[in-house]
Amino acid sequence: MEQHEVTLITKMVLDVLQQKSASAGSGFLVPVGVSARHIHLTQDHVEALFGEGYHLTKKKELMGGQFASNEMVTIVGLKLRAIENVRVLGPVRSRSQVEISATDALRLGVKAPVRESGRTEGSAPLAVVGPKGAIYLDEGCIVAKRHIHMAPKDAAAAGVHDGDVVSVKAENERGTVFNHVQIRVDEQFTLEMHIDTDEANAAGIITGDCVRIIR
């Protein structure tokens, strides 16, 4: 089955669940996407790691015009502790940024703060190694703050706005409540909550599960 067909079917099912949820007054449903460690690079850094004139190659489309590339790198923390096969996401950005879990930070020996994507000032330093070279980031390594991507129509239906902070509940055997979840609204976004692998494993959640925004 093609990816666009899967997306369409998922949306149809979610729409039905939203209608039932709304009638029961039990909160707005949001599907979850578990975000593994990854890196965003500038074009200069792409070329430093993969060779002069190199451009990222697309492996899989993601929301908001982003994509998972075929390229991977090794990230190296203090005392030369390393994690291999870290996926590069495209397109290139104006500033390089590494997003890891708290467990990854312990493994690398770095103090990565919990931050919104793009807020890298004063974050952890890290080295990045590619097949053609290496770079050192004075800052740029963060643990991504949990958040929900929404299109404007979804935000209107949920009664929230860009920048709002909400709580959500996973109604499974763990019954986990996530607080401090930031709402991010954009026309290009597909409805999805992003959490990292630590959060997902602790709450017994996998990609495709749903959580509810609670008041």
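Just above, that's the structure.
Here goes a summary of the coordinates provided.

Conventions and cut-offs
Residues numbered from 1 in each chain as written. Predicted model: local features only at pLDDT ≥ 70, side-chain atom pairs only at ≥ 80, totals over all residues. Heavy atoms only, no water. Helix = DSSP H or I, 4+ residues; strand = E, 2+ residues; numbered from the N terminus. Contact = heavy atoms within 4.5 Å. Areas by Shrake-Rupley, 256 points an atom, 1.4 Å probe, with all protein chains shown as cover. Salt bridge = Lys/Arg side-chain N within 4 Å of Asp/Glu carboxyl O. Buried < 20%, exposed > 50% of the residue type's maximum accessible area, 1.4 Å probe, protein only. Arc of directions from axis to C-beta. Phe/Tyr/Trp six-rings, centres within 6.5 Å; stacked < 30°, edge-to-face > 60°. Core = buried A, V, L, I, M, F, W, Y, C linked by side-chain atoms within 4.5 Å. Pairing = 2+ DSSP bridges. Axes fitted to C-alpha atoms, helices over the stretch in contact; angles between N-to-C directions. Polar contact = N/O pair within 3.5 Å; in protein donor to acceptor, adjacent residues only side chain to side chain.

Considering the overall build of the protein
Along its length, the protein carries 5 helices and 14 strands. Taking contacts inside the protein between residues at least 6 apart in sequence as the whole, the part at least 24 apart equals 64%. For the protein, the computed accessible surface area is about 11600 Å², with 52% contributed by carbon and sulfur atoms.

Topic: the environment of Ala-158
Relative to the helices and strands, Ala-158 is located in helix α4 (residues 152-158). Once residues lying within four places of it in the same chain are set aside, the contact partners of Ala-158 are Phe-28, Met-150, Ile-213 and Arg-215.

A look at the environment of Gly-27
Looking at where Gly-27 falls in the secondary structure, it is placed in the loop between α1 (3-24) and β1 (28-35). As a C-alpha pair, Gly-27 and Ile-214 span 187 residues in sequence and 5.7 Å in three-dimensional space.

Examining the pattern of salt bridges
Evaluated as defined, the whole model comprises 6 salt bridges. Here Lys-58 and Glu-61 are joined by a salt bridge, their closest N and O atoms 3.0 Å apart. With a closest N to O distance of 3.4 Å, Lys-153 and Asp-154 form a salt bridge. Take Asp-154: its relative accessible area is 12%, and that puts it in the buried class.

Here we look at helix α2 (residues 43-50)
Taken together, the buried positions of α2 are occupied by Val-46, Leu-49 and Phe-50. Down the axis, α2 shows its buried residues gathered within 80° of arc, on one side only. Residues of α2 that are buried in the fold lie against β4 (67-76), β5 (82-90), β8 (124-129) and β9 (134-144). Gly-51 sits one or two positions beyond α2 and adopts a positive phi of about 120°.

Examining the packing of aromatic side chains
Counting across every chain of the model gives 1 aromatic pair. Taking the centre distance of 5.3 Å and the plane angle of 25° together, the rings of Phe-50 and Tyr-54 count as stacked. Overall, Phe-50 belongs to the buried group, its relative accessible area being 9%.

What to know about the side chain of Asp-154
Looking at where Asp-154 falls in the secondary structure, it is placed in helix α4. Not counting residues up to four positions away in its chain, the partners in contact with Asp-154 are Phe-28 and Leu-191.

Some remarks on unusual backbone geometry
Cis geometry marks the peptide bond from Gly-90 to Pro-91, where omega comes out at 0°. Following the sequence through the fold, Pro-91 ends up in the loop between β5 and β6 (97-100). Non-glycine residue Lys-79 carries a positive phi angle of around 60°. In this fold, Lys-79 is placed in the loop between β4 and β5.

Considerations on the nonpolar core
Counting 25 residues, the largest nonpolar core has Ile-75 and Ile-100 as its most contacted members. Among the secondary structure elements, those contributing two or more residues to this core are α2, β4, β5, β6, α3 (102-108), β8 and β9. It is β9 that contributes the most residues to this core, 4 residues altogether. Apart from the residues within four sequence positions on either side, Ile-100 is in contact with Arg-37, Ile-75, Ala-105, Leu-108, Val-110, Ala-112, Cys-141, Ile-142, Val-143, Ala-144 and Asp-196.

Re the sheet that holds strand β13 (residues 192-196)
Spatial strand order, β1-β13-β10-β12-β11-β14: 6 strands in a closed barrel with mixed pairing. Shown here is a sheet whose adjacent strand axes are inclined to one another by a mean of 45°, direction ignored. Here 4 bridges tie β1 to β13, and the two strands are oriented parallel to one another. Along β13, the bridge assignment pairs Ser-35 with Asp-196.

So, the side chain of His-38
Within the secondary structure layout, His-38 lies in strand β2 (residues 38-40). Polar side-chain contacts of His-38 include one of 3.5 Å to the side chain of His-40. If near-sequence neighbours (up to four positions away) are discounted, His-38 is found in contact with Val-86, Arg-87, Leu-89, Gln-97, Val-98 and Glu-99.

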